[in-house]
Amino acid sequence: MMDLSAYRDIFIEELNDQLERMDQSLLALELSPSVELVQTLFRAAHTIKGSASTMDFRELSDLTHEVEYALEWVREKKPEMTSELIDTLFRSLDAMKVLRDQYIRGEAYADFRAVVREIKDLIQTPAVVGQLKVPQLQPAESIVAQVAIVSGKQLLSIHVVLEQKCMMKAARYHILRQRIEDICGTVVATALMESQPGAQNEDDHYGQFIIIVATSKDPQQLKAELSSDSDIHMLEIDPYLLESNEVAATSAPLELISETEQSKQSLPTVNTTGPDEKVKAAQPTVRVSVERLDHLMNLVGELLIDQTSLADLSGTGARKESSTLIRSISGVSDHMGRVIKELQEGVMKTRMLPIDQLFSRFPRLVRDLSQKLGKDLELVIQGGETELDRMIIEELSDPLIHLIRNSADHGIESAEIRAELGKPSKGRITLTSFHEENHVVIRYSDDGKGIDGEKIKASALGKGIISEEQAARLTTQEAVHLIFEPGFSTASSVSEVSGRGVGMDIVRSQIGRLNGIIDIDTEVGVGTTFTIRLPLTLAIIKGLLVKVSGRVLILPMYNVAEIVRISPEDIQMIQGQQAILNHGRIVPFHRLCDRLNYPRTDRKSKTIPLVIVRSVDKIAAYAVDEIIGNQEVVIKTLGTYLGALNHLSGATILGNGKVALILDASYLVSL
């Protein structure tokens, strides 16, 4: 059997693209039905079915076949796009995503027969009086079925309902059974209608029946061959999946199967990965335009030319005057510097993805929340073309989901309340992104009831998060930031949508890990805006080099709010803690050497160099021995063998070859 593992990552990447396309098309179809959207859905389902079948992913292939059949019915019959129809297609799509996730993790596949039945009911499959259940195989029948599977055949369930006017139904049943066996090869099991109490005609016992077969025939081809019989009122052919208990009941007899047959194909519902074997997860990938790759290749070509020039200068250097040699080397060095700078920017761009890849996941979330909460919500997305590092995009998903859930559940009022306030009945959530200098700004806003700072302060005081003295000092705007404290909530009851009020501290910690900053602008009765500022990438950063106790350390520049010099007299004691006054704001003061448990050095200068560090919504001032300057640095991970080092985000190698540690600003300001 062909080894398909080499194509696994490509298959998963294509599968993700097609599922995302189906999700977006279904959302658009619900808003504005069109033949083109149905055709897009059909093509995507057809592609998934084909690729899943090629990868021997039968479970997904079979489920997608039913979805494709339903979309074909929609395309031909052009029914009204009812909410029931759209919801059923969404549930089918969710089932496909679950199978994808189980495939990636190597888990046993879920049973989606209920979804398949829902699809069949949706497309108005003729109703059958006295519905006949698909039979469960006996141990002996299971052995036959599994032998057929490992030899390359598939199991099909053929459900036949004869015309009511059909004479001699028993005879017709036996004729059809023999015909099916002749076409398919192996009949595994059959099931007939149970005789109804008081029935006068035993012939009705054969009015409908199910035959389980093992065959290599295509279901559509088989249906075409059998449908010509005029006595058949309804004919359904579905994949038959062995249940786990049917497999378990035959585990011992399966030893009768030859080793050659067992090596051909694994059982369909058994996870073939051993308990101690780690399943290979899909490797993260980024699609890069050929134009960008060509540009990188040209730059590498220029570096090779410079390398040749340096080698030539090395060989002829002894025959040249030193001044001429220095000028030549300097020229090559300058050119290499420009090329390396351009190469660095080019490589960074290859890691960039449009943020729309993240934003496009949220329309479906807003739709589902709208239905669950009974609120009319709309999501407006702007600036989806803004590019951001792939890793940051993935890490942003959870914080934005928390913001959307909180807005939908607590922020935006019900239609009745909005009408009383003179607001449009439809609540609006807006997601905007744009570049600002070396940052990406994501602005999230809603037109809900806003955040009442005084209510927040009272709730925090009641929960013991702050003291009465602290509450008295807090301004209304500062009190709003208390929503980021762990365990904080003003909700009167636990909600299924936004939980127990533990979401906003997750938002803050996640943004902090990305070296980002979050601000809140809110007005009671008007709405709330969260502004998130993030670095373009976490791979290469501009860092501020400082010296502390003879060591060179680096602080990310996007966390540096200000660099100042103060005199010792500017340090004040406020509530037993050292602090300084900066632009009218009290800022906690610390010596960086004390925070890092480094020995203090003698200070000769009369002033103290100070770095004011900001992360998310917190700020602190750190005294250092010397400010060296800023430069771009490449972040290298420290590895797991060093253990937990929360105060460090990585390290870099300086131009002199020494290693400098990069401090985690979000951890420092949280101390």
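Residues numbered from 1 in each chain as written. Predicted model: local features only at pLDDT ≥ 70, side-chain atom pairs only at ≥ 80, totals over all residues. Heavy atoms only, no water.

Comments concerning the overall build of the protein
Then step 1. When helices and strands are counted, the protein shows 22 helices and 22 strands.
Then step 2. The buried share of the protein, reckoned over its 671 residues, is 44%.
Then step 3. Taking contacts inside the protein between residues at least 6 apart in sequence as the whole, the part at least 24 apart equals 71%.
Then step 4. Element-wise, carbon and sulfur atoms account for 51% of the exposed surface of the protein, whose accessible area totals about 35200 Å². (Helix = DSSP H or I, 4+ residues; strand = E, 2+ residues; numbered from the N terminus. Buried < 20%, exposed > 50% of the residue type's maximum accessible area, 1.4 Å probe, protein only. Contact = heavy atoms within 4.5 Å. Areas by Shrake-Rupley, 256 points an atom, 1.4 Å probe, with all protein chains shown as cover.)

Side note on the pairing of strand β10 (residues 517-523)
Then step 1. Relative to strand β11 (residues 527-535), β10 is paired through seven bridges, and the arrangement is antiparallel. Each residue of the ladder has a partner; that of Asp-521, found in β11, is Thr-529.
Then step 2. Here β10 hands over to β11 after three residues, with Gly-525 in that stretch at a positive phi of 85 degrees. (Pairing = 2+ DSSP bridges.)

Thoughts on the packing of aromatic side chains
Then step 1. Using the criterion set out here, one finds seven aromatic pairs in the structure.
Then step 2. A centroid spacing of 4.9 Å and a plane angle of 75 degrees characterise the contact between Tyr-173 and Phe-209, whose relative ring orientation is edge-to-face. Residue Tyr-173 is found in helix α7 (residues 169-184), and its partner Phe-209 is found in strand β3 (residues 208-215); the two are separated by 36 residues along the sequence. For the pair formed by Tyr-173 and Phe-209, the shared burial category is buried.
Then step 3. Where Tyr-444 meets Phe-530, the ring centres are 6.4 Å apart and the plane angle is 50 degrees; that geometry is what we call tilted. Of the two residues, Tyr-444 is situated in strand β9 (residues 439-446) and Phe-530 in strand β11; the sequence distance between them amounts to 86 residues. Both residues of the pair, Tyr-444 and Phe-530, belong to the buried class.
Then step 4. An aromatic cluster is built from Phe-11, Phe-57, Tyr-103 and Tyr-109, whose rings are joined through pairwise contacts.
Then step 5. Lying over the aromatic face of Tyr-598, Arg-551 brings its terminal NZ or CZ to 4.2 Å of the ring centre. (Phe/Tyr/Trp six-rings, centres within 6.5 Å; stacked < 30°, edge-to-face > 60°. Lys NZ or Arg CZ within 6 Å of the ring centre and 35° of its normal.)

Regarding the packing of helix α3 (residues 58-77) against helix α5 (residues 113-122)
Then step 1. Direction vectors running N to C along α3 and α5 enclose 15 degrees, while the axes themselves pass 10 Å from each other. By the angle between their directions, the pair α3 and α5 is classed as roughly parallel. Between α3 and α5 lies a crossing whose hand is left-handed. Taken together, the residues of α5 that come into contact with α3 (itself represented by Leu-63, Glu-66, Val-67, Ala-70 and Trp-73) are Val-115, Val-116, Ile-119, Lys-120 and Leu-122.
Then step 2. Here the contact of α3 with α5 is built from residues that sort into eight nonpolar, no polar and two charged. (Axes fitted to C-alpha atoms, helices over the stretch in contact; angles between N-to-C directions. Parallel < 35°, antiparallel > 145°, perpendicular 65-115°, else oblique. Left-handed = near helix turned anticlockwise from the far one by under 90°. Nonpolar A, V, L, I, M, F, W, Y, C, P; charged D, E, K, R; others polar.)

A few points about the sheet that holds strand β15 (residues 572-574)
Then step 1. Strand order across the open sheet formed by six strands is β14-β18-β19-β17-β16-β15, with mixed pairing between neighbours. With partners counted over all chains shown, the strands left at the sheet margins are β14 (560-566) and β15, one partner each. Across this sheet, the average inter-strand angle for adjacent strands is 40 degrees, counted without regard to direction.
Then step 2. Here strand β17 (residues 585-591) runs beside strand β19 (residues 618-623); their pairing, made up of three bridges, is parallel. Note on β19: the bridge partner recorded for Phe-589 is Ala-621.

Section: the sheet that holds strand β22 (residues 659-663)
Then step 1. Strand order in the open sheet formed by five strands is β20-β12-β13-β22-β21, and the pairing between neighbours is mixed. The strands lining the two open edges of the sheet, one partner per strand, are β20 (626-634) and β21 (648-653). Averaged over all adjacent pairs, the angle separating strand axes in this sheet is 35 degrees, with direction ignored.

Brief notes about the nonpolar core
As a rule of thumb, soluble globular proteins bury nonpolar side chains together.
Then step 1. In terms of nonpolar packing, the biggest core is built from 43 residues, with Phe-362, Leu-396, Ile-442 and Phe-530 touching the most fellow members.
Then step 2. In terms of residues, this core owes the most to one element, helix α15 (residues 390-411), which gives seven residues.
Then step 3. Ignoring sequence-local partners within four residues, the contact set of Phe-530 consists of Leu-403, Ile-442, Arg-443, Tyr-444, Ile-451, Ile-483, Phe-484, Met-504, Ile-518, Asp-519 and Ile-520.
Then step 4. Counting 41 residues, the second largest nonpolar core, distinct from the first, contains Val-38, Phe-42, Leu-85 and Leu-99. (Core = buried A, V, L, I, M, F, W, Y, C linked by side-chain atoms within 4.5 Å.)

A few points about the environment of Ala-28
Then step 1. If you trace the backbone, Ala-28 turns up in helix α1 (residues 8-31).
Then step 2. With relative accessibility at 28%, the residue Ala-28 sits in the partly exposed group.

Topic: a nonpolar patch on the surface
Then step 1. Nonpolar side chains collect at one region of the surface, where Met-297, Val-300 and Leu-304 lie side by side and expose about 290 Å² of accessible area between them.
Then step 2. Relative to the elements of secondary structure, Val-300 occurs in helix α11 (residues 290-316).
Then step 3. Judged by relative accessible area, Val-300 falls into the partly exposed class, the value being 36%. (Patch = residues over 30% accessible without salt bridge, like charges linked within 9 Å, V, L, I, M, F, W, Y side chains within 5 Å. Salt bridge = Lys/Arg side-chain N within 4 Å of Asp/Glu carboxyl O.)

A few points about unusual backbone geometry
Then step 1. The phi dihedral of Ser-549 falls on the positive side, at around 55 degrees, and the residue is not glycine.
Then step 2. Secondary-structure assignment places Ser-549 in the loop between β12 (540-548) and β13 (551-556).

Some remarks on the side chain of Lys-423
Then step 1. Here Lys-423 is to be found in the loop between α16 (415-420) and β8 (427-436).
Then step 2. At 3.0 Å, the side chain of Lys-423 and the backbone oxygen of Asp-447 are in polar contact.
Then step 3. Within polar-contact distance, the side chain of Lys-423 engages the backbone oxygen of Gly-525 at 3.0 Å.
Then step 4. Look past the residues within four positions of Lys-423 in its chain and what remains in contact with it is Glu-413, Arg-418, Asp-447, Gly-448, Lys-449, Gly-525 and Val-526. (Polar contact = N/O pair within 3.5 Å; in protein donor to acceptor, adjacent residues only side chain to side chain.)

A look at α3
Then step 1. An ideal rise of 1.5 Å per residue puts 28 Å on 20 residues; α3 measures up with 28 Å between its terminal C-alpha atoms.
Then step 2. Among the 20 residues in α3, 15 count as buried, and that is most of the element.
Then step 3. Positioned one or two residues after α3, Lys-78 has a phi angle of 50 degrees, which is positive. (Expected span 1.5 Å × (residues − 1).)

Re the side chain of Ser-549
Then step 1. Classification of Ser-549 as buried rests on a relative accessible area of 13%.
Then step 2. Within polar-contact distance, the side chain of Ser-549 engages the backbone oxygen of Pro-599 at 2.5 Å.
Then step 3. The contacts of Ser-549, once residues within four sequence positions are left out, are Cys-593, Tyr-598, Pro-599, Thr-601 and Asp-625.

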